[in-house]
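Residue strings, one per chain:
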Amino acid sequence: GRYLDRDRGAMETLRRLHAFPPLMAEAMGMMDMERFGELIDVAWKLNVDLDPDHTTPVIEELRARIRPHVWGAKLLGAGGGGFLLMVCSSPEDAAAVKRLLEKKPPNDKARFFDYSISRSGLVVTVC
């Protein structure tokens, strides 16, 4: 609603969010995971500024639990579930987060997914 009303605060937050993808791509390209994590965290905070319902007490409690081990974290997706991207400070911190969340998951559907980042970019094949 704030966007449709052209609320000045919402429009400024959207302008700030629009600046993040190239900065994130640059940080990732330079393998600067600390900077990438910091940008992810700021983007999360801007999302919450834009829509306070973007977060919940459960999400904020989860972010507080992992905070000592991450440079940044952000929910991905369009709501109703999705993924929490966490940029951990070290492999040891990643293992600590995994132990912490496996011992006390935020809900009964929470689980970890393995992934990798493509070094070749988007590849389209036609069958």
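Predicted, not measured: the structure shown is a model, and the values here were computed from it.

(A) Quick peek at the packing of helix H1 (residues 8-18) against helix H3 (residues 33-50). Between H1 and H3, the shortest axis-to-axis distance is 10 Å and the interhelical angle comes to 160 degrees. Overall, the two elements H1 and H3 adopt an arrangement that is roughly antiparallel. Remark: the crossing between H1 and H3 carries left-handed chirality. Between H1 and H3, the residues in contact are Ala10, Thr13, Leu14, Arg16 and Leu17 and Ala43, Leu46, Asn47 and Leu50, respectively. Across the contact of H1 with H3, the residue classes break down as 6 nonpolar, 2 polar and 1 charged.

(B) Looking closely at the nonpolar core. Listed in full, the 11 residues of the largest apolar core are Leu17, Phe20, Met24, Ala27, Phe36, Leu39, Ile40, Ala43, Leu46, Leu85 and Val87. For this core, the secondary structure elements donating two or more residues are helix H2 (20-29), H3 and strand S2 (83-88). Ranked by residues supplied to this core, first place goes to H3 with 5 residues. Once you skip the residues sitting within four places of it in the chain, alanine 27 turns out to touch Asp32, Met33, Arg35, Phe36 and Leu39. Leu62, Ile66, Ala73 and Cys88 belong to the second-largest nonpolar core, a separate cluster that totals 8 residues.

(C) Structural detail: the packing of aromatic side chains. A complete count under the given rule lists 1 aromatic pair for this structure. With 5.1 Å between their ring centres and 65 degrees between their planes, phenylalanine 83 and phenylalanine 113 make a pair best called edge-to-face. Separated by 30 residues along the polypeptide, phenylalanine 83 in strand S2 and phenylalanine 113 in the segment after helix H5 (91-103) bring together distant segments of the chain. Since its relative accessible area comes to 45%, phenylalanine 113 is described here as partly exposed.

(D) Looking closely at unusual backbone geometry. In this structure, methionine 31 is a non-glycine residue whose phi angle is positive, near 55 degrees. Mapped onto the elements, methionine 31 comes out in the loop between H2 and H3. Residue methionine 31 is classed as exposed on the basis of its relative accessible area, which comes to 65%.

(E) Representation of the side chain of asparagine 47 in the model. In this structure, asparagine 47 sits in helix H3. Beyond its immediate stretch of four places on either side in the chain, asparagine 47 contacts Leu17, His54 and Lys74.

(F) The arrangement of helix H4 (residues 57-66) in detail. Residues Ile59, Leu62, Arg63, Arg65 and Ile66 constitute the buried set of H4. For H4, the angular spread of buried residues about the axis comes to 160 degrees, placing them on one side. In H4, those exposed residues whose orientation departs by more than 90 degrees from the buried face are Pro57 and Ala64. In this structure, the buried residues of H4 make contact with H3, strand S1 (70-76), S2 and H5.

The rules behind these values
- Residues numbered from 1 in each chain as written.
- Predicted model: local features only at pLDDT ≥ 70, side-chain atom pairs only at ≥ 80, totals over all residues.
- Heavy atoms only, no water.
- Axes fitted to C-alpha atoms, helices over the stretch in contact; angles between N-to-C directions.
- Helix = DSSP H or I, 4+ residues; strand = E, 2+ residues; numbered from the N terminus.
- Parallel < 35°, antiparallel > 145°, perpendicular 65-115°, else oblique.
- Left-handed = near helix turned anticlockwise from the far one by under 90°.
- Contact = heavy atoms within 4.5 Å.
- Nonpolar A, V, L, I, M, F, W, Y, C, P; charged D, E, K, R; others polar.
- Core = buried A, V, L, I, M, F, W, Y, C linked by side-chain atoms within 4.5 Å.
- Buried < 20%, exposed > 50% of the residue type's maximum accessible area, 1.4 Å probe, protein only.
- Phe/Tyr/Trp six-rings, centres within 6.5 Å; stacked < 30°, edge-to-face > 60°.
- Arc of directions from axis to C-beta.

Function cannot be read off these values alone, since they describe shape.
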